[in-house]
Each structure stands twice: as C-alpha cells, then as structure tokens.
Amino acid sequence: MTDSLQLIGFLIVCLLFIFGIFWLYDTVKRRLFFKIKERKLNRLLDGRRLEDVLEEAPYDFAHFQGEDGYRLIDTSVKDGFVGFASTPLDAHIWIVEQYLSEPKM
C-alpha cells in the first residue's frame, strides 16, 4: 500500500517537474522573441520616434471584440483591410516596414 502511494507521489512530482520545464522553456522563448522584435523595430526606426512614424503612415491597426489579434488597415482607401497582426508590436513592425519601404514624393 505504501509503495504504491510512494510511486504515485513520485510520478506526481515528476509530472510537475516536466510541466515546470515546459513552462520555463515557453517563458524564455516568448521573452527572447519579444526582445528580437523590439530590436528589429528599433533598427527599422533608426532614431525616429515611433509615434511620428505612426502618425505619418497611412496605416493603422485596431482590435476588434471577439478577435485574438489586430486588424491592419490602410486609411487612405475605403475598406482598407490589409492584414492581421497577433500583437501591437507586430502591428507596429508591419506599419513601419510598409511605410519606410514606400517611395517618398
């Protein structure tokens, strides 16, 4: 009886340890990807202020209730849905990339 309880306890501890390892891996991975995206945005901005670029760009993003992300919108045309981003940081990167790649007149 006590041997089976010890075995069950050991298995529970092992499962908790495995879940802890997966949680730690996922947390570190998410933070790393966030830092990589932040560095990419800073590199794209190249000293400009994000707010200034977002004001000048003909793009915007909005979160709609019931969706797990953000719609990217081209404000220069009617019904200008152009894409989807999972986070505000992804939306900022997309807007800055599109705006800076457009030819300036």
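Heads up: these notes are all about the structure in this document. Every chain begins its residue count from 1, and numbering advances along the sequence as written. Predicted model: local features are reported for residues with pLDDT of at least 70 only, side-chain atom pairs are reported and counted for 80 or more only, and whole-chain, interface and lining totals are derived from all residues. Side-chain figures throughout are based on the complete set of non-hydrogen atoms in the structure, without hydrogens or water.

## A look at the overall build of the protein chain
- Of regular secondary structure, the protein chain possesses 3 helices and 3 strands.
- Secondary structure elements follow DSSP: runs of H or I of four or more residues count as helices, runs of E of two or more count as strands, with numbering from the N terminus. Of the regular secondary structure in the protein chain, the N- to C-terminal order runs α-α-β-β-β-α.
- Its C-alpha atoms give the protein chain a radius of gyration of 22 Å, clearly above 13 Å, the size a compact globule of 105 residues would have.
- Expressed as lengths along the three principal axes of its C-alpha atoms, the size of the protein chain is roughly 80 × 35 × 15 Å.
- Taking all 105 residues of the protein chain together, the buried fraction comes to 20%.
- By sequence separation, contacts in the protein chain at least 24 residues apart represent 42% of the contacts at least 6 residues apart.
- Note on charges: Lys and Arg go in the positive column, Asp and Glu in the negative column, and His and the chain ends are not counted at all. A single reference atom marks each charge: NZ on Lys, CZ on Arg, CG on Asp, CD on Glu. Positive and negative side-chain charges of the protein chain, numbering 13 and 16 respectively, have mean locations separated by a distance of 5 Å. As a reference, a globule follows 2.2 Å times the number of residues to the power 0.38, and the radius of gyration itself is taken over C-alpha atoms. Only protein chains enter the accessibility calculation, which uses a 1.4 Å probe. A residue is then buried if its area is under 20% of the maximum for its type, exposed if over 50%, and partly exposed in between. The contact criterion used is simple: two residues touch if any of their non-hydrogen atoms lie within 4.5 Å.

## Details of the pairing of strand E1 (residues 59–63)
- Two strands pair when backbone bridges link them, and E1 and strand E2 (residues 70–74) are joined in this way by 5 bridges, in the antiparallel orientation. Its bridge partner being in E2, His-63 is matched across the sheet by Tyr-70.
- Between E1 and E2, which pair antiparallel and follow one another directly, the connecting turn spans 6 residues, one of which, Gly-66, has a positive phi of 95 degrees. Strands pair, by our definition, only if DSSP identifies at least two bridges between them.

## Some remarks on the packing of helix H1 (residues 2–45) against helix H3 (residues 88–101)
- Between H1 and H3, the least distance of the axes is 10 Å, while the angle of their chain directions is 25 degrees. The angle between the axes of H1 and H3 places the two elements in the roughly parallel class. H1 and H3 meet at a crossing whose hand is left-handed. Here H1 contributes Phe-34, Lys-37, Glu-38, Lys-40, Leu-41, Leu-44 and Leu-45 to the contact with H3, which in turn contributes Leu-89, Asp-90, His-92, Ile-93, Val-96, Glu-97 and Leu-100. All axes are obtained by fitting lines to C-alpha atoms, using only the stretch in contact for helices, and the reported angles, taken between N-to-C directions, cover 0 to 180 degrees. Our angle categories are set so that under 35 degrees counts as roughly parallel, over 145 as roughly antiparallel, 65 to 115 as roughly perpendicular, and the remainder as oblique. By the definition used in this description, the sense in which the near helix is turned from the far one sets the handedness, with an anticlockwise turn below a right angle giving left-handed and a clockwise turn giving right-handed.

## Digging into the side chain of His-92
- Looking at the secondary structure, you find His-92 in helix H3.
- With relative accessibility at 16%, the residue His-92 sits in the buried group.
- In this view, His-92 contacts Leu-41, Leu-50, Leu-54 and Phe-61; residues no more than four positions away in its chain are not counted.

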